[in-house]
Amino acid sequence: LINVFDFFIKNNSLYSVKPIVASFNLMFIFFYGSKVSQHLKSVSELIGKNNLKKKNILEVGCGNGEFLKNFAKKYKCYATGIDPSYNGKLKIGKYVKFIKKNFDNKLDIEKFDFIICRQVIEHIDNLEIFLSEIIKKLNVGGMVFFETPD
């Protein structure tokens, strides 16, 4: 995680609970639970009073999409999940969609208000490129949530 902080400090983009510089909010959590309800509760506690209703949410590395479907239902937001191994419906209702691709600079998608990366960052080979792409896909004033077991 030191590399993540170094990257955002170097690029003048680090936010914690209180803004330090730039216009992004970054949250880091070390979470060891395995149930979707536990993850949802953890994220809920951290995002606190941020109103996500009708906001655009992205989950990078969404796996089977279960967390994202529950998140969209709870917060009544538009949700997009990206994962090359996703195997399910690409659209669920009018608020949840999935993209079966890698998250990289070739991916042509809109910007988001809240980006979730759960259990993903430890699998990334080039962290600087990955974080640059996260920033490009984030709306001004948007928020990023990283969760890692390590």
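Above this text sits the structure in question.
The following refers to the structure shown. (Residues numbered from 1 in each chain as written. Predicted model: local features only at pLDDT ≥ 70, side-chain atom pairs only at ≥ 80, totals over all residues. Heavy atoms only, no water.)

**Thoughts on the pairing of strand 6 (residues 112–118)**
On any regular strand, side chains alternate: one points to one face of the sheet, the next to the other face. The element strand 6 is extensively covered by neighbouring structure, given that six of its seven residues are classed as buried. Here four bridges tie strand 2 (residues 56–60) to strand 6, and the two strands are oriented parallel to one another. Bridge pairing in strand 6 links isoleucine 57 to phenylalanine 114. Looking at chain direction, strand 6 and strand 7 (residues 138–148) are connected through six bridges and run parallel. (Buried < 20%, exposed > 50% of the residue type's maximum accessible area, 1.4 Å probe, protein only. Helix = DSSP H or I, 4+ residues; strand = E, 2+ residues; numbered from the N terminus. Pairing = 2+ DSSP bridges.)

**Re the nonpolar core**
With 19 residues, the main nonpolar core has Leu58, Val60, Phe103, Ile115, Cys117, Phe130 and Ile134 as its most contacted residues. Elements with a minimum of two residues in this core: strand 2, strand 6, helix 4 (127–136) and strand 7. If we skip the residues at most four places from it in the chain, leucine 58 touches Thr80, Ile82, Phe103, Ile109, Phe112, Phe114, Ile115 and Ile116. Counting residues in each nonpolar core, the second largest holds 17 residues, with Phe67, Leu68, Tyr75 and Tyr86 among its members. (Core = buried A, V, L, I, M, F, W, Y, C linked by side-chain atoms within 4.5 Å. Contact = heavy atoms within 4.5 Å.)

**A word on helix 3 (residues 66–75)**
Burial in helix 3 covers these residues: Phe67, Leu68, Phe71, Ala72 and Tyr75. Taken end-on, helix 3 shows its buried residues confined to a sector of 130°, consistent with a single buried face. Of the residues flanking the end of helix 3, it is lysine 76, one or two places downstream, whose phi is positive at about 50°. (Arc of directions from axis to C-beta.)

**Focus: the packing of aromatic side chains**
The full count for this structure, using the stated rule, is six aromatic pairs. Pairing phenylalanine 71 with phenylalanine 114 gives two aromatic rings, centres 5.9 Å apart and planes at 15°, and the pair type is stacked. Here the residue phenylalanine 71 occupies a position in helix 3, and phenylalanine 114 occupies one in strand 6, the gap between them amounting to 43 residues. Here phenylalanine 71 matches phenylalanine 114 in class, with each residue buried. (Phe/Tyr/Trp six-rings, centres within 6.5 Å; stacked < 30°, edge-to-face > 60°.)

**Section: a positive patch on the surface**
A surface patch of positive charge is lined by Lys53, Lys54, Lys73, Lys76 and Lys94. Looking at where lysine 94 falls in the secondary structure, it is placed in the loop between strand 4 (91–92) and strand 5 (96–99). Look at lysine 94 and you get exposed, because its relative accessible area is 60%. (Patch = residues over 30% accessible without salt bridge, like charges linked within 9 Å, V, L, I, M, F, W, Y side chains within 5 Å. Areas by Shrake-Rupley, 256 points an atom, 1.4 Å probe, with all protein chains shown as cover. Salt bridge = Lys/Arg side-chain N within 4 Å of Asp/Glu carboxyl O. Lys, Arg positive; Asp, Glu negative; His and termini not counted. Charge placed at Lys NZ, Arg CZ, Asp CG, Glu CD.)

**Notes on the side chain of glutamate 133**
With respect to the helices and strands, the residue glutamate 133 is situated in helix 4. Dropping the residues within four chain positions of it, glutamate 133 is found in contact with Phe103, Asp104 and Asn105.

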